[in-house]
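# Structural overview for review
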Amino acid sequence: MRRDEINLSEPPNNDRPGDRWMCGRTGEPCVRGPIGRGQCSSSEPCRPRRTWHGRRKRWTLVGMLTIVAAMIVIARPATRAAIVKPGELSTPHAQILSSTLDSRRCAACHPHSSAVGDSVANVTQSDRCMDCHHETMNRSTATLAHNLPARVRSDLRLASLRLAGSSDRDTTWRDWMPSVAVDQENVQCNACHREHRGAVASLTAMTNDQCQTCHSDRFGSFADSHPTWDQWPYGRGGVIAFDHASHATKHFPKTILEGQPTSFECGVCHARQANGELTRTTSYETACQTCHDGALRIEAAEGVELLTLPSVAKRCADAIGAWPEGATGFYDGRIAGLADLLIRVDADANAAMRSLPNQDFAKIDDQHDQSEQAARIVAREHRQLLETIGNEGQSAMVERFAKSGISPSIAARMIRSLPPQLIEEACRRWFADEDNLAETTSTNAPKIRPAAFKMPARGDDDLLGESSDDDLLGDPLDSDPLDLDSQETKSTVQQPSRFDADAMLPAGGWFRDDRTFAIRYRGEGHDDPVLKAAIELAGELTPGDPARTRLLETKSLAACIACHPAAIAATRTSDERWRSYPLVGRPREFTKFAHSPHLNIAGLSDCRHCHTIAAGSVVSVSANQHGHEFAAVGIEACAGCHQSSAAGDACVKCHRYHVETSP
Amino acid sequence: MMPISFRTRRKLSLIVVAVALSIVYGIFRLEESRLAHASFFTGFTVLASILILILLGVRRRLPVLPLGSVSTWTQVHLYVGVFAAGVYVMHVPALIAGGVFECGLSIVFLLVTCSGFYGLYASRTLPKRLTAVEGQHRFDRVVWHRTQIAETARTLLDDLHENSGMRVLGSFYTHYLRPFFETRPSMAYVLMPTGVRRRRLLSGLKELDRYLEDESRSTAGRFAALVRRRDDLDYQFALQLRLRLWVVVHSVFSIALLAGGIVHAVIAWRHAG
Amino acid sequence: MDASITDADVAWLRSREPFASMDGKAFPRTIPLDGILRNDTQLHRCEPGQIIVREGDYGNSAFLVIAGSVGVAIESLLPQQLGRTPQEKLSWKDALTNYLFRSQVPESRRSDQVTTGSIDAGGSVRQVDDRQAIFLQDFDAVMGSKRSVSLGPGEMFGEVAAMYRSPRTATVIAETEATLLEIRWQGLKILRRDQNFADTLDAHYREHWLSIHLRELPLLRYLPESSLARVAAATAMHSFGRMEWNADYKKTRLLPVQQQIESEPIVAREGRMPTDLIVMRSGFGRLSQSYGASDRTTAYLGKGHVFGLEEIAYNSLRPPTSPPKVLQQSLRAIGFLDALFIPSEIFAQEILPHVRRSELPESAARMITEATEQRTSEGSDRRRSTRPTEPGRSDWNDLPSPEGQQFQPTGLLEFIVQNRVNNGTQAMVIDLHRCTRCDDCVKACAATHDGNPRFVRQGIAHEQLQFVQACMQCSDPVCMIGCPTGAITRDEKSGVVRIHESICVGCGTCAASCPYENIRMAEVFDTKGRPFTDVETGKSIRKATKCDMCQSQPSGPACVAACPHDALVRIDLTESKPLQHWLERRS
């Protein structure tokens, strides 16, 4: 059974593996072989067989045809979008496009996607993005780096350099790297946001490298190389001045309730909301009222004065004309802030008022003619003002306030509850001759004087209180002059005694003080509308305005401002002056912070872990600069957890790219 | 100059590929971190690599021109292929991309790559197995050999004189040997050549021995020799077919890949911004 | 041989010189002089202008002018004058055009490629008596312009080429109608038993050729003229084996190695004292060492190699105290071997002083260094950087390596020698461990030859090496012997053997001579697939086809260039170094 036993002949050796056909003969093949397309040319034709080369050619042909067919399928417009799509869109985008026709789908985002000729010139993909995203982003600044104009960016950069204390940065090897592929003035959306990465892929996930593309002064880890900060997170414009330090260390421990010192709980004021975030403040009623209401009411009762007749010398009073006896004698009385505003509308009076030192009659040198002249003019202007208001009512006041630069809305709130009748009555009482009230001049002044003497006698505080009640209850326009007349007669008859505002006006309101010849307002307590308006009014004045100074010196207003330092800031809206507004919803800033994830960590649930009260801190209160009594939260506080291996130290953890500029 | 040994050449080439890949990776990372679209860079690198890879086919079809030896081209092809596969991994977000066309394209790429790597493996291992088997049959002559063996077997049987052994042998031939000699090897055998068939037939022939007298026993021995020859031939056929088939798969799909790659590049370019 | 020599012819020849003066008794009884004349000679009638031998041809016969005169061209004739078409390299464009518009018909030829001898070219083929002969067309003009020597009756030419298997040195043309006696190599050898005849031939050889041959040896190239003359005088010439080895090659290659080695004539035996430096002039020698009960082949030698140099150099340089070296290896003639023997004393006196130390074997060179106490650094550097004198010497580790390397050098060497592939200077070797059998080599061959492959991817294999049946451009081109028209030629520079198809008459001599069957006779067709036929005989015309190493192609050998896996190589097997390097590279 040896193989050698069989001897097979060698195959023909006229191989032509490069030909497509070969002789199909099984024995000795013909010399010539098949020609062309496999025809045997010999006299006894064989059936030529394909060589491997021939078979391969055929298969290749089939393969090519398949490829061509596949290409045709791809090129068909109907199926192109579905086939060409390189990956699933993120779900929101996919949902938006689901209603779009297949053939238009690509072009929704890709302006050059359609076949040649149909593409829209000069439209970039970012423009397409902004077609939808203009709601959250300004189209004009959308492609600027950080959505900020170059000037702002350069300011920020310089500021940060100043903060770092060096004017030039280190040269590193990275400076030799090729420059950034994006132009900072023209950053396309797709530079960072890459689509077609699957339905659940995050479009906003960014790497540190992407940030550091432009921020080429590299940071290593957050813990090691992030620049430090000093004030954060404080000093960002809180509007309520609350001295955490004294409350925590002094007031609360001193307050003994049920035999126990009250504990100072952060959570009482800064409660966790449903979304996990903390409230920035709580209401007055919840937090402050218990302790501060009484004192606040007393301070508010001081109120604010609209006008007080100054006391003038007899000679001067005579020159004025009708002038109350009680305000005659020696020069005294300071011009009220509000009166200043109303008087300064008259140029002569204003000049005279300014010539009085410190607008204080007490400082008038009565030997000095000119001073006396000014005093006379100012005093007369007081009377005239009262008469004007008495005649023309609130509109005259609003008009005068407006001329002094006070917005009518604030003026209106200020004087809403001030009835002109009160003024008219005051005129009548203080300046005796009421018939000549309308045309008081220097010539008929003597005629008026006796009336001034009459006035206190006729003064009826009770009635005045009534009328001020009326004012508070109803529209002053409703009151009938006849009715007023009858009231006045009634009052003259009834009450000769002095009006005690504390007793008569516990809910607050405008009243006439016949003793001091003043028109005053008595505040009610927290959230008094007139006091608020007065502060806002003061805020409208330029700092340094004497009227402003005098207004703010008013005890009641000073009490408000002690806790509402932002109230006198003219730039804010009325609500922003008084209420602490949440940081959420404000224009997007470079940094962001959420308490909620932090509070879930056991060690951090105590606020004092991060927010410690600085020892010996003093609350400095001013309208715009908010001092605080906390020690700054240093980088160490964050870096403990925020490391790449733990809570993460990616730039975008704390920083935003898209920054909004305040409008 | 003494040409460098294959081993050194392999080492050098791998080092060059590694260096090239790391350079590309560096540029890729740099571009990525510069907010540029690095996929354009990697994509065009892959496309250029594919063009270089395709050039091997062009060179093979132009044997008359002194364009450097095909083996040099094959070496370049091989390592550019490894390089292209590496760059491809950088280029794609996932090995098999999403989307119908891209998915198809990546499958084609992987198919070509895999067939290439298989081809490398096959062309380095199968020749040794082929050499180990007796007879260096040329592929196109396999059919010729097959018919010759079948005919020889037929004549062997015809030459047997009439005796009892002949009937035994004849029936064995009809039942087992003829189907073996006269038909092509089965698909299963071609895919995975085994010695089962050969052993079964040979042991069958051996079993017959005791029913045979001397003359037919020697014929049975010849049949056994023919069975071995035929099995060797089929083995050669199977392995050579494998060596040839992967080239066809590789080349046809590489053309598909080139066409698809160009289409993909055009699409990507137009949809860039 | 053939019947053209009759007894009358023999008798007539015996009456003429030089046979008349030969002593019949000098010849053994079994092969008498008459027998030699009858069997090993042939009478030819030549017409004027007939080309008898061409420069560069190989031949195994000498010619004796009986009548008339022949001219020996001193200057070389142009190939065109011999009917040959000179080879020019195709441009890229032409090569590409030829490739792209290659014929769909196998072996198709244009008619001018088939007709024997075009008119405007110098040569043409005509029938003279019973054989085809090639003529110089404008004979007078050529002979007038070229210097030539006339040979008259009794003069002999071509004996050197016949005896020593070297190319013919000059073209010989019949000047008048001439009668020539062609004496085969075998006859010539026996005729040398006649002392006179032998002396005449030897004297002629020594006078004209020996010093030239000696001078060609690298070892002797710095020898002064006087020394060379003395060396030449002392040099002996011997031939071993059968010159027509190719005739029984097919039988001998199947012999077991042991038997083959024993059958080879021994030239020098291992263990003997070296007496002569043996210089291979032609043929092949096997170096072997006895190993156990048999011999183990260690290397093979080819033309120009020397044997015994190390031993002789050592012996002549050794200090008197140390014993002389005996031969380390045996030298045997493989088929045929022709060698010059330079006595060792002469070598020591005349040659050794003029040999560069770097060309000596290591042991002898060391000896010189010690003796002369020369600077060692420079000397050793130079010695290491130059190649050894015996390129055939193998330094392969011929024991199976511990890594289980399949390839065993001894086995391979013996295989190469056994199958005489060491004859090939451009042998096609395929590494079967890398060859994927893709046939790209054959396809490339076809692509460069108008669609016709010039080889088949088959051939003897040893271990992983296959020696493919493609013409290996043998160093001993037996195919070139006997071509009637000189259509098969060898390029002097490249050594490539080429067939000029236009003067190939399709006789098949070369194909039959080639022991490796690397020449195929192909029937030729016109471009439409109709066979060309001879008008007179009606037979289809055949042409000898073989590998031409893509001489006309700009690409060089297309098979090598086309191999995608570095599996195929055209390699010089006459030395073992190239193959060794090639194998080492892929180990």
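Report follows, based on the coordinates. Not measured: the values here are computed from a predicted model. (Residues numbered from 1 in each chain as written. Chains lettered and ligands numbered in written order. Predicted model: local features only at pLDDT ≥ 70, side-chain atom pairs only at ≥ 80, totals over all residues. Heavy atoms only, no water.)

### Quick notes on the packing of aromatic side chains
Applying the stated criterion across every chain, the model contains 21 aromatic pairs over all chains. Between C:Phe63 and C:Phe157 the ring centres are 5.3 Å apart and the planes differ by 15°, which places this aromatic pair in the stacked class. With C:Phe63 in strand β3 (residues 61-67) and C:Phe157 in strand β8 (residues 156-157), this pair connects stretches of sequence that are 94 residues apart. Like C:Phe63, the residue C:Phe157 is buried in the burial classification. Joined through ring pairs, the aromatic side chains of A:Trp52, A:Trp59, B:Phe139 and B:Phe237 make up one cluster. For the cation-ring pair, B:Arg146 lies above B:Phe237, with the distance from its terminal atom to the ring centre recorded as 4.9 Å. (Phe/Tyr/Trp six-rings, centres within 6.5 Å; stacked < 30°, edge-to-face > 60°. Helix = DSSP H or I, 4+ residues; strand = E, 2+ residues; numbered from the N terminus. Buried < 20%, exposed > 50% of the residue type's maximum accessible area, 1.4 Å probe, protein only. Lys NZ or Arg CZ within 6 Å of the ring centre and 35° of its normal.)

### Looking at helix α24 (residues 529-540) of chain A
Residues and elements named next belong to chain A. For α24, built from 12 residues, the straight-helix expectation of 16 Å at 1.5 Å per residue is met to within 8% by its first-to-last C-alpha distance of 16 Å. Of all the 12 residues making up α24, 9 are buried; the element is thus mostly covered by neighbouring parts of the structure. Along α24, the residues that are buried comprise Val-530, Leu-531, Ala-533, Ala-534, Ile-535, Glu-536, Leu-537, Ala-538 and Gly-539. Between the side-chain oxygen at the start of α24 and the backbone nitrogen of Val-530 there is a gap of 3.0 Å, and the oxygen is on Asp-528. (Expected span 1.5 Å × (residues − 1). Polar contact = N/O pair within 3.5 Å; in protein donor to acceptor, adjacent residues only side chain to side chain.)

### Examining the interface of chain C and chain B
At the interface, 37 residues of chain C touch 32 residues of chain B. Note on chain C versus chain B: buried area summed over both sides is about 3100 Å², and carbon and sulfur give 57% of it. Per-residue buried area on chain C facing chain B is highest for C:His433, C:Arg437 and C:Arg585; these three make up 23% of the total on that side. Counting every contact that joins chain C to chain B gives 3 salt bridges. (Contact = heavy atoms within 4.5 Å. Buried area = accessible area lost by both parts, 1.4 Å probe. Salt bridge = Lys/Arg side-chain N within 4 Å of Asp/Glu carboxyl O.)

### Observations concerning the pairing of strand β9 (residues 171-174) of chain C
Residues and elements named next belong to chain C. Of the two faces of β9, both are covered, the one formed by Thr-171 and Ile-173 as well as the one formed by Val-172 and Ala-174. For strand β2 (residues 51-53) and β9, the ladder comprises 2 bridges, and the chain directions are antiparallel. Opposite Ile-51, over in β9, you have Ile-173 as the bridge partner. Strand direction decides the pairing type here: strand β4 (residues 70-73) and β9, joined by 4 bridges, are antiparallel. Bridge assignment links Val-70 to a residue of β9, and that residue is Ala-174. (Pairing = 2+ DSSP bridges.)

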